[in-house]
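# Topology and contacts: notes
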Amino acid sequence: METNQSNEISQTPEVKRPHYLIQAWLVILLSVFYGAILVYVQIHLGPQIEKNKTAATFAQIPALVEGADASKTESLTITGTDGKPATVYRVKNENGEAIGWVFPGSGQGFGDTIQLIIGLDPKIETLTGLYVLDQKETPGLGNFITGENFRGQFAGKSVLVPLRAKAGEPENPEEIRAVTGATISSTAVCDIVNATVAKYKEAALTQN
Amino acid sequence: MKTLPSAGQRFINGIIPENPTYRLLLGMCPTLAVTNNVKAALTMAFATTFVLFCSNIMISLIRNLLKPHLRILVFTLTIATFVTVVDRLLAAYMYEMSKQLGPYIPLIIVNCIIISRCEACASLQNPFISACDALGVGIGFTLGLVSIATVREILGSGTWLGFTILPPEIWTPWSIMILPPGAFMTLGVLLAAVNYIQSKYKTE
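Residues numbered from 1 in each chain as written. Chains lettered and ligands numbered in written order. Predicted model: local features only at pLDDT ≥ 70, side-chain atom pairs only at ≥ 80, totals over all residues. Heavy atoms only, no water.

Across its full length, chain B carries 8 helices and 2 strands. Start at the N end of chain B and walk to the C end: the helices and strands fall as α-α-α-α-α-α-α-β-β-α. The globule rule puts the C-alpha radius of gyration for 204 residues at 17 Å, and the 18 Å found for chain B is close to it. When its C-alpha atoms are laid out on the principal axes, chain B stretches across 60 × 50 × 25 Å. Once local pairs closer than 6 in sequence are excluded, the contacts in chain B between residues at least 24 apart make up 75%. For chain B, the exposed area adds up to about 9,700 Å²; of that, 72% sits on carbon and sulfur atoms. Distance between charge centroids for chain B: 10 Å, based on 13 positive and 8 negative side chains. (Helix = DSSP H or I, 4+ residues; strand = E, 2+ residues; numbered from the N terminus. Rg over C-alpha atoms; globule rule 2.2 N^0.38 Å. Contact = heavy atoms within 4.5 Å. Areas by Shrake-Rupley, 256 points an atom, 1.4 Å probe, with all protein chains shown as cover. Lys, Arg positive; Asp, Glu negative; His and termini not counted. Charge placed at Lys NZ, Arg CZ, Asp CG, Glu CD.)

Given below as structure tokens:
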């Protein structure tokens, strides 16, 4: 069957073929059909996937802000300076006192969007921790941003001055040692931290 | 016209004589990338088998409608749909594993095992034979991945499927085995072993 069809094409190249949209009727029909399958899957699984992401964020809160009690932590919906609503977390200790903030941040990395969660002190002046929720950086190079060696540098850094990634030993307090000499992934993480803090700081501090 | 293999032949062929990993050397990307532990290898193998099974049946059902110059497009469209379904399922029910496998699940779309089965079997034969073919090749691929992952996880972490096999007191894990070079070395050694066994078997 296969060979017959290809012979037919090669022997009669001048045959008038129907309009390409008519030739592609099966492709078009299948696209609609498969699209419907994917919509169905997304409607059913989407909420569960979102729930998993939230659970992963909550699981990291004690590691991001010292002394945090994830069960007491409050989720707040605030509007960032970009005008879009976002969920941030007011972290509380076991006595219910606010001891910090966790902000979600994302931005373009080298491979794909990098998603971070960032821990901050109550006044939003100092970082207390950083965790990478999702990234598709180059394995063996950029994906070292998920490692403790890189992430650990952020705790204790001031966010009043924008952070910068630097290849080699940092010399100034706002510098972060990049994971590779090329600094693309490391710079992306620093930029996301700077942008996220700038975006939510004011809105978060005015929450009562 | 050469007669095509029957359902039973298709099934058996996929497991040993045309094993995708060791005989055809197809699908090397997951073979090298996700075999540093058995759990990831099994998840990848099952995900690939699911996609293979669904796409083979789907392509087989529409095989008489396929136009030769549009068939690869239809294959890719079908495969991509089922890969997306599997990706979402993993993210919903096996979130940790889905994060560990990361971009390798979407990369099943370009896994040449699946497209080659659509081309060689599903676009020519009925859904039952195509399903048997998919299961055979799926089992063969699972064997390939798990055999490599077994060697790498035992030597590299001292465990198998998370259970301690070589306790740290008697065994210093070879961290190279869980890094990419370990994948190449293990694949090379196992391939050599398979070829050696086959040459012995043939001469006897």
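Having seen the model, we can carry on.
When helices and strands are tallied, chain A shows 5 helices and 7 strands. In sequence order, chain A lays out its α and β elements as α-α-α-β-β-β-β-β-α-β-β-α. In terms of overall dimensions, chain A is more spread out than a globule: its C-alpha atoms have a radius of gyration of 25 Å, far above the 17 Å expected for 208 residues. Each of the three principal axes of chain A carries a C-alpha extent, and together these read 80 × 40 × 30 Å. Here chain A, with 208 residues, has 38% of them falling under the buried criterion. Counting only contacts in chain A whose residues sit at least 6 apart along the sequence, the fraction spanning at least 24 positions is 47%. As presented, chain A carries roughly 11,500 Å² of accessible surface, and 55% of it is formed by carbon and sulfur atoms. Positive and negative charge centroids in chain A, built from 17 and 22 side chains respectively, lie 3 Å apart. (Buried < 20%, exposed > 50% of the residue type's maximum accessible area, 1.4 Å probe, protein only.)

Before going further, it helps to examine helix α7 (residues 127–157) of chain B. Residues and elements named next belong to chain B. Here α7 contains 31 residues, and its C-alpha end-to-end distance of 42 Å stays within 8% of the 45 Å for a straight helix at 1.5 Å per residue. With a side-chain oxygen positioned 3.0 Å from the backbone nitrogen of Phe128, the residue opening α7 is Asn126. Where α7 terminates, the next one or two residues include Gly158, which has phi positive at roughly 75 degrees. (Expected span 1.5 Å × (residues − 1). Polar contact = N/O pair within 3.5 Å; in protein donor to acceptor, adjacent residues only side chain to side chain.)

Time to look at the domain arrangement of chain A. Each domain of chain A was delimited in the assignment, giving domain 1 (2–50) and domain 2 (64–205). For domain 1 of chain A versus domain 2 of chain A, the separation of C-alpha centres amounts to 44 Å. (Domains from an automatic or database assignment.)

All names here are of chain A. Here the structure, examined in full by the defined rule, presents 10 salt bridges over all chains. Of the charged contacts, one joins Lys92 and Glu74 as a salt bridge, the two residues approaching to 3.0 Å between their closest N and O atoms. Residue Lys92 is found in strand β2 (residues 85–92), and its partner Glu74 is found in strand β1 (residues 74–79); the two are separated by 18 residues along the sequence. Residue classification places Lys92 among the buried residues on the basis of a relative accessible area of 18%. Under the relative-accessibility criterion, Glu74 is labelled partly exposed at 27%. Between Glu171 and Lys166 there is a salt bridge whose closest N-O contact spans 3.9 Å. With a relative accessible area of 21%, Lys166 lands in the partly exposed category. (Salt bridge = Lys/Arg side-chain N within 4 Å of Asp/Glu carboxyl O.)

This next bit is on a nonpolar patch on the surface. All names here are of chain A. Taken together, the side chains of Tyr20, Leu21, Ile28 and Val32 present a nonpolar region at the surface, about 430 Å² in accessible area. Counting residues per element, the ones that place at least two in the nonpolar patch are α2 (20–23) and α3 (25–64). Mapped onto the fold, Tyr20 is located in helix α2. You can call Tyr20 exposed: its relative accessible area is 59%. (Patch = residues over 30% accessible without salt bridge, like charges linked within 9 Å, V, L, I, M, F, W, Y side chains within 5 Å.)

Turning our attention to the side chain of Asn37 of chain B. All names here are of chain B. Assignment of secondary structure puts Asn37 in the loop between α2 (28–33) and α3 (38–61). When its relative accessible area of 17% is taken as the criterion, Asn37 is described as buried. At 3.3 Å, the side chain of Asn37 and the backbone nitrogen of Lys39 are in polar contact. Those residues in contact with Asn37 that sit more than four places away from it in its chain are Gln100, Ala149 and Glu153.

Scanning all chains against the criterion turns up 2 cavities of 30 Å³ or more. Lining the second largest cavity are Gln23, Ala24, Leu26 and Val27 of chain A together with Leu65, Lys67, Leu70 and Val74 of chain B. (1 Å grid on protein atoms, 1.4 Å probe; cavity = no way out; pocket = protein on both sides within 12 Å on 5 of 7 lines; lining within 4 Å. Points joined across faces, edges and corners; volume = space filled by probe spheres on them.)

It is worth spelling out the sheet that holds strand β5 (residues 127–134) of chain A at this point. Whether parallel or antiparallel, the strands of a sheet pair through hydrogen bonds between backbone atoms. Residue and element names in this part refer to chain A. Across the sheet, 5 strands lie side by side as β1-β2-β3-β4-β5; this open sheet has antiparallel pairing. Of all the strands in the sheet, just β1 and β5 have a single pairing partner and so form its edges. Each adjacent strand pair in this sheet contributes to an overall mean axis angle of 30 degrees, direction not counted. Pairing between strand β3 (residues 98–108) and strand β4 (residues 113–120): 8 bridges, direction antiparallel. When the bridges of β4 are listed, Val102 appears paired with Gly119. The strands touched by α3 are β1, β2, β3, β4 and β5; relative to β5, the strand with the most contacts, the crossing angle is about 155 degrees. In the packing of helix α5 (residues 184–205) onto the sheet, the strands contacted are β1, β2, β3, β4 and β5, and the crossing angle to β3 comes to about 130 degrees. (Pairing = 2+ DSSP bridges. Axes fitted to C-alpha atoms, helices over the stretch in contact; angles between N-to-C directions.)

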